[in-house]
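# Commentary on secondary and tertiary structure
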Amino acid sequence: MGRPRKGARLYLRAGRVDRRTGRPLAPIYFIRDGDKNISTGCGPERLEEAEIALAEYVTARQAALRPKGRAQDPEDVLIDEVVALYALEKAPKAADPKAVAARLGAILDWWSGRTLGHVRRSTCLAYVAHRVQQPVKSFKDPSRARLVSAAGARRELEDLSAATSWWAAEHPLTRKVTFTYPETGGESSRDALSRAQVAALLRAARGARFRDGRWEPTAASTRSNRAHLTRFVLLGVYTGSRPGVLPKLRWSPSDDSAWVDLDRGWIFRRGRREPDKPNKRRPMHRIPKRLLAHLRRWRRQDDALNAERAEHGLAPVETVLHHGGRSLRGRVRTGYEGIVADAGLPEDVTPHWQRHTCATWLMEANVPLSRAAQYLGMTVRTLEKHYGHHRPDHQSDVGRALARGGREQP
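Summary of the structure given here.

The rules behind the values
- Residues numbered from 1 in each chain as written.
- Predicted model: local features only at pLDDT ≥ 70, side-chain atom pairs only at ≥ 80, totals over all residues.
- Heavy atoms only, no water.
- Helix = DSSP H or I, 4+ residues; strand = E, 2+ residues; numbered from the N terminus.
- Buried < 20%, exposed > 50% of the residue type's maximum accessible area, 1.4 Å probe, protein only.
- Contact = heavy atoms within 4.5 Å.
- Areas by Shrake-Rupley, 256 points an atom, 1.4 Å probe, with all protein chains shown as cover.
- 1 Å grid on protein atoms, 1.4 Å probe; cavity = no way out; pocket = protein on both sides within 12 Å on 5 of 7 lines; lining within 4 Å.
- Points joined across faces, edges and corners; volume = space filled by probe spheres on them.
- Nonpolar A, V, L, I, M, F, W, Y, C, P; charged D, E, K, R; others polar.
- Core = buried A, V, L, I, M, F, W, Y, C linked by side-chain atoms within 4.5 Å.
- Pairing = 2+ DSSP bridges.
- Polar contact = N/O pair within 3.5 Å; in protein donor to acceptor, adjacent residues only side chain to side chain.
- Axes fitted to C-alpha atoms, helices over the stretch in contact; angles between N-to-C directions.
- Parallel < 35°, antiparallel > 145°, perpendicular 65-115°, else oblique.
- Phe/Tyr/Trp six-rings, centres within 6.5 Å; stacked < 30°, edge-to-face > 60°.

### Notes on the overall build of the chain
Tallying secondary structure elements over the chain gives 14 helices and 10 strands in all. Looking at the chain as a whole, 40% of its 410 residues are labelled buried. Considering only residue pairs separated by 6 or more positions, the chain has 56% of its internal contacts joining residues 24 or more positions apart. Per element, the accessible surface of the chain, about 24,000 Å² overall, is 50% carbon and sulfur.

Okay, structure coming up:
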């Protein structure tokens, strides 16, 4: 009796040689399915993309075998298929497709080979227990990487839940799949930066390092590599925009990206033809005077840079944030971690703190809730719930009422 057939799987094919030139070829992940060998086009550094390609292959193969028009039992649906469909149809339209792909890759590392029938309270909590022991992959130095948080693991489970709903809308299930999420320590503290901390971040972005109680200059190459971070910090703190929006910000009107109107003094957080999202609204907002002065100066700098690039036949700079003329890909992470460390700030400070900072400063300035919420792109309820305690008059009427005492005795 022969050995049972193995399912489709990845393997790294190395040691190949080009028959025409005799030169060695780079290692590539292939999908091996019986006698078939299908290239993913992904090298060792792109394992997550190769895993998505494998999941897409499995989805296509299973779809051909699936009975038409019949609801499926979750026990018969591979999570690989569910994730692959979501990665193919929904994830590319997300605000940060690269981040979604990374989370889906983490999901497949643990859930691959299981079915939706395996999703229950014990397996969800087992997944979280596994993930909180794993280092965050985005750290450049793995030895310094912090561990995945319970909130991060919860976000990944939420992605898997969204993928399951996306699947069920196309391929109905006989029963609903229920996910269990971990406790993440209650409400977020919504930490904000002080003005001194923002100043320290900007100083680090401009090429300084705080060590042993004093500031010292960094290498010229470091200063050059961080030029875009000054803009990133000022835009984040002054606009309160989500970090994923800022790298896409353009100097001219755009149909599919955020853009700046310097003549009228407005920032449009989404393109003219982009639909808004109910849970992550991106309204236009007026540019504060201080930021407007910075933006006009940056535009002059980029105009001069574009003149130089035109002389060399290079394409013009189109985005407000760029690295030596090259638009940024994805979110700003590694460089931000560097300026946080050089500014002497806690390592848990992330770009999203800039949004918390803007909201907190607006509350401390007693800006009306409705106007602050509109500026930030959040609901009044969310703003009041998480940041309302920063208002100078927060619960002041309670104190006055108690000072007057109880009702008078007859």
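Back to the write-up after that little detour.
### Notes on the layout of surface pockets
Using a probe with the size of a water molecule, rolled over the atoms, empty space left in the structure can be pinpointed. By volume, the second largest pocket amounts to about 310 Å³. A227, H228, R231, Q301 and H322 are the residues nearest the centre of the second largest pocket, which is lined by 19 residues in total. For the lining of the second largest pocket, the elements supplying multiple residues, two or more each, are α7 (220–225), α8 (227–239), α9 (289–311) and β9 (322–323). Broken down by element, the residue count for the lining of the second largest pocket peaks at 5 residues, all from α9. Residue composition of the lining of the second largest pocket, grouped by class: 5 nonpolar, 9 polar and 5 charged.

### Looking at the nonpolar core
Counting 38 residues, the largest nonpolar core has L235, L295 and Y336 as the members making the most contacts within it. The set of elements that each furnish at least two residues to this core consists of α6 (195–205), α8, α9, α10 (334–342) and α11 (353–364). Leaving out residues up to four positions away in the same chain, L295 has contacts with L235, W251, V260, L262, I267, I287 and V320. Counting residues in each nonpolar core, the second largest holds 31 residues, with A106, L108, W111 and L157 among its members.

### Observations regarding the environment of S257
Structurally, the position occupied by S257 is in the loop between α8 and β6 (259–261). Taking the C-alpha atoms as reference points, S257 and V245, 12 residues apart in sequence, are found 8.4 Å from one another. Residues contacting S257, with those up to four places away along its chain left out, are K248, L249, R250, R270, G271 and E274.

### Observations concerning the pairing of strand β2 (residues 28–33)
When you tally the buried positions in β2, you get 5 out of 6 residues, the bulk of the element. Relative to β2, strand β1 (residues 9–13) is paired through 5 bridges, and the arrangement is antiparallel. Note that in β2 the partner of L10 across the bridge is I31. With 4 bridges joining them, β2 and strand β3 (residues 36–39) adopt antiparallel strand pairing. Paired with D33 across the two strands is K36, which belongs to β3. Hairpin connection of β2 to β3: 2 residues between the antiparallel strands, including G34 at a positive phi of 65 degrees.

### Remarks on empty space enclosed by the protein
What the rule picks out here adds up to 1 cavity of 30 Å³ or more. Quantified by volume, the largest cavity comes out at close to 30 Å³. Lining the largest cavity we find G240, S241, R242, V245, R269, R282, R355 and L376. Classifying every residue of the lining of the largest cavity by side-chain character gives 2 nonpolar, 2 polar and 4 charged.

### Here we look at the environment of E49
Checked against the element boundaries, E49 lands in helix α1 (residues 47–65). Residues E49 and Y29, 20 residues apart in the sequence, show an inter-C-alpha distance of 9.8 Å. Engagement of the side chain of E49 in a polar contact is seen with the side chain of R46, the distance being 2.9 Å.

### Examining the environment of R23
Position of R23 relative to the elements: it lies in the loop between β1 and β2. Using a relative accessible area of 61% as the deciding quantity, one classes R23 as exposed. In contact with R23, other than residues within four places in its own chain, are R16, V17 and D18.

### A closer look at the packing of helix α12 (residues 369–376) against helix α13 (residues 380–387)
Where α12 contacts α13, the axes come no closer than 9 Å and their chain directions differ by 100 degrees. When the axes of α12 and α13 are compared, the pair comes out roughly perpendicular. Contacts between α12 and α13 pair L369, S370, A372, A373 and L376 from the former with V380, L383 and E384 from the latter. Considered class by class, the residues forming the contact of α12 with α13 number 6 nonpolar, 1 polar and 1 charged.

### Topic: the packing of aromatic side chains
Throughout the structure, instances matching the rule amount to 7 aromatic pairs. When the centroid spacing of 5.9 Å and the interplanar angle of 40 degrees are considered together, the rings of W111 and Y127 count as tilted. With W111 in helix α3 (residues 97–111) and Y127 in helix α4 (residues 121–131), the pair connects residues that are 16 residues apart, well separated along the chain. The pair formed by W111 and Y127 is uniform in burial state, with each residue classed as buried.

### Points about the sheet that holds β3
Taken in spatial order, the 3 strands of this open sheet run β1-β2-β3, and their pairing is antiparallel. The outermost strands of the open sheet, each flanked by one partner alone, are β1 and β3. Within this sheet the neighbouring strands show an average axis-to-axis angle of 35 degrees, counted without direction.

### Structural notes on the packing of α3 against helix α5 (residues 150–170)
Relative orientation of the contacting elements α3 and α5 amounts to 85 degrees, with a least axis distance of 9 Å. With respect to their mutual orientation, α3 and α5 come out roughly perpendicular. Between α3 and α5, the residues in contact are R103, L104, A106, I107 and W111 and R155, E156, L157, D159 and L160, respectively. Split by residue class, the contact of α3 with α5 holds 6 nonpolar, no polar and 4 charged.

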